[in-house]
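As a plain string of letters, each chain reads:
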Amino acid sequence: MFVERMRLDGKTVVIVGAGGGGHGTGAAGAAAEAGADVVAVDVRAAALEDVEARVKKIGRRFLGLTGDMRLK
């Protein structure tokens, strides 16, 4: 598993598309478990609430940002 292979203590990760419940949500949780603080970006602010709860439950800091990161 990711957490067993890599430690991210003292790091901050940025996860784009974090609120959809898929890969981004999983990556945010895995990064927090590995010791990182998480900046999560999604187009829907409400979608980040679950991610915030997961990250904070692990004991890491969280910043949620709303934005559209798609290239147009």
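These notes cover the structure that comes with them. For clarity, every value in this text was computed on a predicted model and none was experimentally measured. (Residues numbered from 1 in each chain as written. Predicted model: local features only at pLDDT ≥ 70, side-chain atom pairs only at ≥ 80, totals over all residues. Heavy atoms only, no water.)

### Some remarks on the side chain of aspartate 37
When you line up the elements, aspartate 37 lands in strand S2 (residues 37–42). Aside from chain neighbours lying at most four places away, what touches aspartate 37 is Lys11, Thr12, Val13, Arg60 and Arg61. (Helix = DSSP H or I, 4+ residues; strand = E, 2+ residues; numbered from the N terminus. Contact = heavy atoms within 4.5 Å.)

### Quick word on helix H3 (residues 48–58)
By the burial criterion, the buried members of H3 are Leu48, Val51 and Val55. Buried residues in H3, looked at end-on, bunch into an arc of 60°, giving them a common side. Among the exposed residues of H3, those pointing more than 90 degrees away from its buried face are Glu49 and Lys57. Packing partners of the buried residues in H3 comprise helix H2 (23–33), S2 and strand S3 (62–66). (Buried < 20%, exposed > 50% of the residue type's maximum accessible area, 1.4 Å probe, protein only. Arc of directions from axis to C-beta.)

### With respect to the packing of H2 against H3
Where H2 meets H3, the closest approach of the two axes is 9 Å, and the angle between their N-to-C directions is 15°. Put simply, H2 runs roughly parallel to H3. Here the hand of the crossing between H2 and H3 comes out right-handed. Packed against H2, whose contacting residues are Thr25, Ala28, Gly29, Ala32 and Glu33, the element H3 presents Val51, Arg54, Val55 and Ile58 at the interface. Across the contact of H2 with H3, the residue classes tally to 5 nonpolar, 2 polar and 2 charged. (Axes fitted to C-alpha atoms, helices over the stretch in contact; angles between N-to-C directions. Parallel < 35°, antiparallel > 145°, perpendicular 65-115°, else oblique. Left-handed = near helix turned anticlockwise from the far one by under 90°. Nonpolar A, V, L, I, M, F, W, Y, C, P; charged D, E, K, R; others polar.)

### Description of a nonpolar patch on the surface
The grouping of Val14, Val16 and Met69 at the surface amounts to a nonpolar patch, some 300 Å² of accessible area in total. Inspection of the secondary structure puts methionine 69 in the segment after S3. (Patch = residues over 30% accessible without salt bridge, like charges linked within 9 Å, V, L, I, M, F, W, Y side chains within 5 Å. Areas by Shrake-Rupley, 256 points an atom, 1.4 Å probe, with all protein chains shown as cover. Salt bridge = Lys/Arg side-chain N within 4 Å of Asp/Glu carboxyl O.)

### Let's talk about the nonpolar core
Ranked by size, the top nonpolar core spans 15 residues in total, and within it Val13, Val38, Ala40 and Phe62 carry the most contacts. Of all the elements in the fold, those that place two or more residues in this core are strand S1 (12–16), H2, S2 and H3. Phenylalanine 62 has contacts with Val38, Ala40, Leu48, Val51, Glu52, Val55 and Lys56, leaving out every residue within four places of it along the chain. (Core = buried A, V, L, I, M, F, W, Y, C linked by side-chain atoms within 4.5 Å.)

### Details of the sheet that holds S2
Spatially, 3 strands are ordered S1-S2-S3 in an open sheet, and the strand pairing comes out parallel. Two strands close off the open sheet at either side, each with one partner strand: S1 and S3. This sheet shows a mean twist of 15° between the axes of neighbouring strands, independent of strand direction. Direction of pairing for S1 relative to S2: parallel, over a ladder of 5 bridges. Bridging across to S2, threonine 12 finds its partner in aspartate 37. Its contacts with the sheet put H2 on S1 and S2, and the angle it makes with S1 is roughly 170°. (Pairing = 2+ DSSP bridges.)

The quantities given are spatial measurements derived from coordinates; they are silent on function.
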